[in-house]
Amino acid sequence: MTKSSAIVFILIFALLLRLEKFKWSLLIVVGLISSGLFLFTFESTQFHPLGFCLVLGASVLSGIRWTLSQCLTQRKDFGLSNPIDMIYHVQPWMFISLLPVAIVFEGRTVLEAHSFYTREETVRTLLLVMGGGVAGFLMEVSEYILLSHTSSLTLSVAGITKEIFQFILAYAYNGDRISPMNFVGLVVCMSGVVVHVVFKLVEQNRKLAHLEAITAPEEKESMAVALLTPESLGEWDDLEEIDLRPSVRNLS
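Residues numbered from 1 in each chain as written. Predicted model: local features only at pLDDT ≥ 70, side-chain atom pairs only at ≥ 80, totals over all residues. Heavy atoms only, no water.

Participant: Would you mind going over unusual backbone geometry with me for this structure?
Facilitator: The bulk of non-glycine residues show a negative phi, and the bulk of peptide bonds are trans. At Arg18, a position not held by glycine, the phi torsion is positive, near 60°. Turning to its location among the elements, Arg18 is positioned in the loop between helix H1 (6-16) and helix H2 (24-40). (Helix = DSSP H or I, 4+ residues; strand = E, 2+ residues; numbered from the N terminus.)

Participant: I tried to follow the nonpolar core on my own but got confused; where do I start?
Facilitator: Within soluble globular proteins, side chains that are nonpolar tend to cluster in buried spots. Core analysis: the largest hydrophobic core is formed by 15 residues, its most contacted members being Ile7, Ile33, Ile160 and Cys189. Broken down by secondary-structure element, the contributors of at least two residues to this core are H1, H2, helix H6 (152-173) and helix H7 (180-214). Once residues lying within four places of it in the same chain are set aside, the contact partners of Ile160 are Ile7, Ile33, Leu37 and Cys189. The next biggest cluster of nonpolar side chains, apart from the first, holds 9 residues, and it includes Ile10, Trp66, Met86 and Leu155. (Core = buried A, V, L, I, M, F, W, Y, C linked by side-chain atoms within 4.5 Å. Buried < 20%, exposed > 50% of the residue type's maximum accessible area, 1.4 Å probe, protein only. Contact = heavy atoms within 4.5 Å.)

Participant: Even after reading the chapter, I still don't get the packing of helix H5 (residues 119-149) against H6, so can you show me in this structure?
Facilitator: For any two helices packed against each other, the geometry comes down to the angle between their axes and how far apart the axes lie. For the pair H5 and H6, the least separation of the axes is 8 Å and the interaxial angle reads 140°. In terms of orientation, H5 and H6 fall into the oblique class. For the pair H5 and H6, contact is made by Met139, Glu143, Leu146 and Leu147 and by Ser152, Leu155, Ala158 and Lys162, respectively. When grouped by side-chain class, the residues that make up the contact of H5 with H6 number 5 nonpolar, 1 polar and 2 charged. (Axes fitted to C-alpha atoms, helices over the stretch in contact; angles between N-to-C directions. Parallel < 35°, antiparallel > 145°, perpendicular 65-115°, else oblique. Nonpolar A, V, L, I, M, F, W, Y, C, P; charged D, E, K, R; others polar.)

Worth remembering: the numbers are spatial, not functional.
Now the structure itself:
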């Protein structure tokens, strides 16, 4: 349930960094999604103070991570709009910070496991690790592509949609039970996602209509000619500046 607060922190940091303008529609979307996730996962886990603090801290750090990543990917002067470049600079630090934790908590379990006793088990384990690594890499590439073209809030909504499908598959294949309150939370959360998509489409159509309204037909034609013949722009560099004011006075 605490994980549902991640989208709230993303919105807070996006507003603080001026990545998003304050709109009541954003509050409606975040309120619907966070409350829906709260109801959808209600009573599915037991409360533990340490776990609550860790998950809440992870939600705060997630908000900081994705808003700062949006700043880096959408600013051209940093040169990190390409997702491969972003992963190249970020992944080493993530690996260095997570490796000691993985060794402390899972190192002994990996050494005592039967995953490397025979050749077949070794090949199977390596294939599983490589397959998970490739899938994680492709997922992160898609995340940074989405982030560079949209916003951290849209990325969070997409991630929540993924989590909803994971919960649905868990209920469908693992035999987990869903209460009426959980079902109401699912409906509320999905309605928040739909409202976000509708608001984004309306805003995009409004911007396109505004650009078409302020652009004159002559300007559109000149822009089209410039786009069709970009090499002709270099000819203007060889022209000298000519003062036409004396000629205008003589004509007048």
